[in-house]
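Report on the structure
What follows is each chain in one-letter form.
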Number of protein chains: 2
Amino acid sequence: MPPPAPVDHASRRAQVSQAVWRILAAKGFGGLTLRAVAAELEVSTGLVMHYFPTKRALVAHALELLEKDGAERPRRPHPRPGLAALRTALLDLLPIGEENTARNRIWVGSWDQALADPGLHADQADRYARIRAALHPHLAAARTLGELPADADLDQLAATVVAFVHGLTVQALFDPHHFPAETQTATVDGFLAALRNPDLN
Amino acid sequence: MPPPAPVDHASRRAQVSQAVWRILAAKGFGGLTLRAVAAELEVSTGLVMHYFPTKRALVAHALELLEKDGAERPRRPHPRPGLAALRTALLDLLPIGEENTARNRIWVGSWDQALADPGLHADQADRYARIRAALHPHLAAARTLGELPADADLDQLAATVVAFVHGLTVQALFDPHHFPAETQTATVDGFLAALRNPDLN
């Protein structure tokens, strides 16, 4: 019988990553320990520590995974520039569907540790700045198209839009029956209607 | 020498509560352990367990404390009913000032554990429903006053307003330099201006 194929470093690391993801989606960061990852993979804690020597290393890796996975997630096509494109970007961020719900659940769960750890704290501040920057072109296009008032403060609006979408995310995660996909979508539409230039017919 | 005054149950419990609060504000729920509380109070872990037998009991107590403290916090007087009153209610919720910042930091930090624990999860869903209900009368008054469109959907608006204020809270906690009190206030004013009935002169 041939010996079992050797497990290379990269694929073992990927297995560990997947175990981390499953634990976070089910139990959150409070349930993420080296021991829990080892149990999930049916390996020794020492083997997990070979890849991630501390819990903090596991957490930092989980957050990188999350951002990578989020960047690669399937997105709705943008129908038109301006508020229509902003609408689809917001729907892509919300906890609609199983994968986006799991990803958001992990993000929200990461905030406790990120607020307590200066390095993770700074990473999260940068991440928020990137989310605001990613929505900025949609707001600029909407202003150019006259969908937003000519004097709209785009930096402030970007913060407002991100605030709205993340605050709706948290409410929906805690009360999915009150916020099914259609309610989240209607709430986005109501919010965008309020932003819309009242002079536009 | 007289014996030391006996520490009664209620005051010892209050001391434990204060230690829990200090740990949460500094390290979050990830740093809240029976051992950390015992160290903070310079007592044995066994003594802490006499009051709170498990970490979950500590966490549930911390969340009760937080809601009680939040309900009793000093609030700005409401100048006029309607959107002006809503504005002051939102400013009271935001992380403006040291105490409101600490309280919000603890709330946001509690979400990881609350999402993983069915009982705490349901408590948080109820809490969101109460926050929406508390803002509802301001929205109803604003609609009656004509500050909001006559056909405004108040339930949806309450969810939108809570989403906005909590999402702004999270951004401000992670990036206080980008969101000082005056920026948070200006963002609230911009948001409320967008909600305002465009037919109102």
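Residues numbered from 1 in each chain as written. Chains lettered and ligands numbered in written order. Predicted model: local features only at pLDDT ≥ 70, side-chain atom pairs only at ≥ 80, totals over all residues. Heavy atoms only, no water.

1. Thoughts on the relation of the copies chain A and chain B
Expressed as a screw transformation, the operator carrying chain A onto chain B has a rotation angle of 180 degrees and an axial translation of 0.0 Å, and the superposed copies differ by an RMSD of 0.0 Å. On this basis, the relationship between the two copies can be described by a two-fold rotation axis. With an isologous cut-off of 70% or more, the 100% of interface residues of chain A that recur at the interface of chain B puts this contact in the isologous class. (Least-squares fit on C-alpha atoms with pLDDT ≥ 70 in both. Contact = heavy atoms within 4.5 Å.)

2. So, the UniProt feature "domain: HTH tetR-type" (unreviewed entry) in chain A
Listed under "domain: HTH tetR-type" (unreviewed entry) in the UniProt record, and renumbered for this structure, are residues 10-70 of chain A. Strand forms 0% of residues 10-70 of chain A and helix 80%; the C-alpha atoms that close the span are 21 Å apart. (UniProt positions renumbered as here; feature names shortened; annotations may be inferred. Helix = DSSP H or I, 4+ residues; strand = E, 2+ residues; numbered from the N terminus.)

3. What to know about the interface of chain A and chain B
By convention, interface size is frequently given as the accessible area that disappears when the constituent parts associate. In this complex, chain A contributes 40 residues to the contact, which on the side of chain B involves 40 residues. Both faces considered, chain A and chain B share a buried interface measuring about 3,300 Å² in area, 64% of it formed by carbon and sulfur atoms. Our count for the chain A to chain B interface comes out at 2 salt bridges. At the level of elements, α1 (9-27), α6 (98-116), α7 (118-144), α8 (154-174) and α9 (181-195) of chain A are the ones that each hand at least two residues to the side of chain A that touches chain B. Ranked by the residues each element gives to the side of chain A that touches chain B, the list is headed by α8 of chain A, at 12 residues. When the residues that make up the side of chain A that touches chain B are grouped by side-chain class, the tally is 23 nonpolar, 12 polar and 5 charged. (Buried area = accessible area lost by both parts, 1.4 Å probe. Salt bridge = Lys/Arg side-chain N within 4 Å of Asp/Glu carboxyl O. Nonpolar A, V, L, I, M, F, W, Y, C, P; charged D, E, K, R; others polar.)

4. A short note on the side chain of H138 of chain B
Here H138 of chain B shows up in helix α7 (residues 118-144). Apart from the residues lying within four places of it in its own chain, the contact partners of H138 of chain B are H78, G82, A85, L86 and A89 of chain B.

5. Re the packing of helix α1 (residues 9-27) of chain B against helix α6 (residues 98-116) of chain B
Residues and elements named next belong to chain B. It is at 9 Å that the axes of α1 and α6 come closest, and there the two elements cross at 80 degrees. What the angle tells us is that α1 and α6 run roughly perpendicular. Residues W21, L24, A25 and K27 of α1 pack against A102, R105 and I106 of α6. (Axes fitted to C-alpha atoms, helices over the stretch in contact; angles between N-to-C directions. Parallel < 35°, antiparallel > 145°, perpendicular 65-115°, else oblique.)

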